Protein chains: 2
Amino acid sequence: MRPTARQVAELANVSVATVSYVLSGRDRPVAAETRQRVLDAARQLGYTPNQAARSLRKRRTQRVCLVLSSIGGVPSDERLARDLHEMADARGYSVVALAVYSEARANAAIDVLRGGIADGALINVVGDHLTHDLLSGLAATGLPMVVLSNESGLEGCDVVRTPETEACVEAVEHLLAQGRRRIAFLAHRHELYRDRPVGRLLGYTTALDRHGVTERIITSGADDRVAAYQTATELLRSPDRPDAIFAASDRAAISAIWAARDAGLSVPGDVAIVGAGNIDEGLITTPQLSTVGPLRHDYTDVVRLLFDRLQAEEAPPAREIVRSWTFLRRGSS
Amino acid sequence: MRPTARQVAELANVSVATVSYVLSGRDRPVAAETRQRVLDAARQLGYTPNQAARSLRKRRTQRVCLVLSSIGGVPSDERLARDLHEMADARGYSVVALAVYSEARANAAIDVLRGGIADGALINVVGDHLTHDLLSGLAATGLPMVVLSNESGLEGCDVVRTPETEACVEAVEHLLAQGRRRIAFLAHRHELYRDRPVGRLLGYTTALDRHGVTERIITSGADDRVAAYQTATELLRSPDRPDAIFAASDRAAISAIWAARDAGLSVPGDVAIVGAGNIDEGLITTPQLSTVGPLRHDYTDVVRLLFDRLQAEEAPPAREIVRSWTFLRRGSS
DNA sequence: CTGTTAGCGCTTTCAG
DNA sequence: CTGAAAGCGCTAACAG
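All values reported here derive from a predicted model rather than from experimental measurement.

Rules used throughout
Residue numbers restart at each chain and count upward from 1, following the sequence in its written direction. In the order they appear in the text, chains get letters beginning with A and ligands get numbers beginning with 1. The model is predicted, so local features are restricted to residues of pLDDT at least 70 and side-chain atom pairs to those at 80 or more, both for listing and for counting; the totals for chains, interfaces and linings are taken over all residues. The side-chain values count all of the structure's non-hydrogen atoms but skip hydrogen atoms and water molecules. Going along the chain from the N terminus, every DSSP run of H or I of four or more residues is numbered as a helix, and every run of E of two or more is numbered as a strand. Note on exposure labels: buried denotes an accessible area under 20% of the residue type's maximum, exposed denotes more than 50%, and partly exposed covers the range between, all computed with a 1.4 Å probe on protein chains only. By definition, residues are in contact when any of their heavy atoms lie within 4.5 Å. Fitted lines through C-alpha atoms give the axes, limited to the stretch in contact for helices. The angle between two N-to-C directions lies from 0 to 180 degrees. What sets the label is the angle itself: under 35 degrees gives roughly parallel, over 145 gives roughly antiparallel, 65 to 115 gives roughly perpendicular, and the rest give oblique. The near set for a molecule or strand comprises every residue that places at least one heavy atom within 4 Å of it. For this analysis, a polar contact is any N or O atom pair within 3.5 Å, provided that within protein one partner can donate a hydrogen and the other can accept it, and provided that sequence-adjacent residues contribute only side-chain to side-chain pairs. Classification used: nonpolar for Ala, Val, Leu, Ile, Met, Phe, Trp, Tyr, Cys and Pro, charged for Asp, Glu, Lys and Arg, polar for all others including Gly. What gets called buried area is simply the loss in accessible area from a 1.4 Å probe that two parts show on being joined, summed for both. A side-chain nitrogen of Lys or Arg and a carboxyl oxygen of Asp or Glu constitute a salt bridge if their distance falls within 4 Å.

1. Topic: the environment of A:Asp298
Residues and elements named next belong to chain A. When you line up the elements, Asp298 lands in the loop between strand S10 (290-293) and helix H13 (300-311). Its relative accessible area of 22% is what places Asp298 among the partly exposed residues. Residues Asp298 and Arg79, 219 residues apart in the sequence, show an inter-C-alpha distance of 7.3 Å. Excluding anything up to four places from it in sequence, Asp298 contacts Asp83 and Arg323.

What follows is the structure, given as structure tokens:
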């Protein structure tokens, strides 16, 4: 169905080798007139080289793979994807994205990667679908990869850490310092179904533990603006309503601000609200949203890690980047 | 680096053919004991078949490709992606996603598809990066594809239409019927840089034309919640503020509701607000958001189109689906 | 300057 | 029940 180099060669009256040299632009001297014939033939047939054959032969795909929890679930993924695409473009790579969603598909995604879909991978999957073993096994194949994860013991790849737990501790301590004692936490689902607290939830519990506050109000809702609004509304209309809400995502926190306003409560007077992620939208709420997160949303350093690895002669030592997360006090707390 | 079938074969003391038969599970009789030896050897070496080689040989990838404007830009993409993944899973396909972003990358994406990255494609790209010619050229290669587009003249593929223009006309006529005359439109960028109005913007201008209203207030902002908030704020604080805002996205419309409330205006008393897309979040605003959009967010019919095509013996005739879009009056208008 | 040829790693006849 | 061998479409020596 699709034309092959062979057909182009026949049409142009040259060998397939010449077709290959002309079209892949490798520096082999070829007569201008011949080159033109090949180009014409290729255009006429609508020829595009078969990537499977090419990468089988060259043993590289000129592709990188972005592995995410889902397509469009997490706001920061958008920036990560943009920055990756930008650098990939500049270095002549194309980008494909893979969504993990479930544990079953985590295995499938690993197989696709092991099957050689790309020369390298940038992995940002929250939750525990992509187990440590899966990741280690993949790294052990020699696939260049950089993983955004706070898990320990990841070897053979670059790791990007986000000290979110520490930053969340700081945020909750800030609330405690104001005298708030009934602090509710809106969690991401993936942080709830674990045997012990991790990540942002761990920040919450750690801060409370540290200050001898025993009350824990933990609900889900951070994954979803609507759920967050409903949860916050329930919380805020209950007789023993919290005096602070710490949400594991800014989106949920913003919903909480709206829930508070709609319930006739003042923020931060009646209830302080803090989010996580530092999305721009926090600047247009009334009051502006206090949050923990990165000061700048820039993943170029992360992305560079991957391309350094791809273009290195031999595998460089595993590197680690620690992204900076801080508490940003604004009007809502 | 990565083990090949040959190495598995040597370790198991069988031929590569046997390895292939055992691992790809095709129904060739093979002794239980031999099968086990192969399985063990494969496990021991951590063998995963090379997909490039496999699909070169089989002339199919068992993959489908989802082509989007961006990763995580459009809320409806999330549903589309989910539904596609679900059906792909059920039929034994994997899914890779491609983001187009710019015109340059549109060409790159087409090349990747022509290069045979997948057996079929589901394409949902707004704006004009993916030109009619690019799409037609791709369809002409025989690649099974379904395209979400209102453009006419797309041949050789299934097309999914969304009658958004008509639904938008209805929404604006509803505003006009209320006596609103200064109706502002918050547009998506891609609708602004065209020679003539299309899509949702066209709905806006058509309705106004039809009712002899000459005032046009067209701004950008629909792509971005923050920009929408700022734009709406400017609009609403100006001396000749609009009495209605029609936003090309619900996200922007919700920002506009906030902007109105923060400006001390009542919705819909002082200003009516209507969005587009019918996202769930419109149900938790105060007042609830009037919108145009689908009643149910379900893409299984769209996705089925693709898999029907993939699994058909010979190419079925091009089909067309028209998704239903309606005006949903709620509290904000 | 150009053609011939040997694979890349896999699947699938065809022989046994 | 299993192996040998051809070949998917391409690239890269090597030979001319």
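2. Examining the packing of helix H6 (residues 103-114) of chain A against helix H7 (residues 132-140) of chain A
All names here are of chain A. Between H6 and H7, the least distance of the axes is 10 Å, while the angle of their chain directions is 5°. Of the possible angle classes, the one that applies to H6 and H7 is roughly parallel. Contact residues: Ala106, Asn107, Ile110, Leu113 and Arg114 in H6; Leu134, Gly137 and Leu138 in H7.

3. Some details on the protein's contact with DNA strand C
As a structural note, the neighbourhood of DNA strand C is formed by 26 residues, with A:Arg28, A:Arg59, B:Ala5, B:Tyr21 and B:Arg57 the closest of them. Of everything in DNA strand C that lies within 4 Å of the protein, sugar and phosphate atoms constitute 55%. Take A:Thr34: an N or O atom from its side chain is 2.4 Å from a phosphate oxygen of DNA strand C. B:Arg57 is positioned such that a nitrogen or oxygen atom in its side chain is 2.3 Å from a base oxygen of DNA strand C. Every element with two or more residues in the surface near DNA strand C is listed here: helix H2 (16-24) and helix H4 (51-58) of chain A together with helix H2 (16-24) and helix H4 (51-58) of chain B. Per-element tally for the surface near DNA strand C: the top contributor is H4(B), with four residues. When its residues are assigned to classes, the surface near DNA strand C shows twelve nonpolar, seven polar and seven charged.

4. Some thoughts on the interface of chain A and chain B
In this assembly, 51 residues from chain A lie in contact with 50 residues from chain B. Between chain A and chain B, a total of about 4,500 Å² is buried, with carbon and sulfur atoms accounting for 59% of that surface. Together, A:Arg2, A:Ile71 and A:Ile284 form the three largest contributors to the area buried by chain A at its contact with chain B, with a combined 15%. The interface formed by chain A and chain B contains six salt bridges. Its salt-bridge partner being B:Arg261, residue A:Asp262 comes within 3.0 Å of it at the nearest N-O pair. At the junction of chain A with chain B, the criterion picks out 15 residue pairs in polar contact (both at pLDDT 80 or more). Going through the elements one at a time, H4, strand S1 (63-68), helix H5 (75-91), strand S2 (94-99), H6, helix H11 (225-237) and helix H12 (250-262) of chain A are the ones with two or more residues in the side of chain A that touches chain B. For the side of chain A that touches chain B, the leading source of residues is S2(A), giving six residues. Broken down by class, the residue content of the side of chain A that touches chain B amounts to 23 nonpolar, 15 polar and 13 charged.

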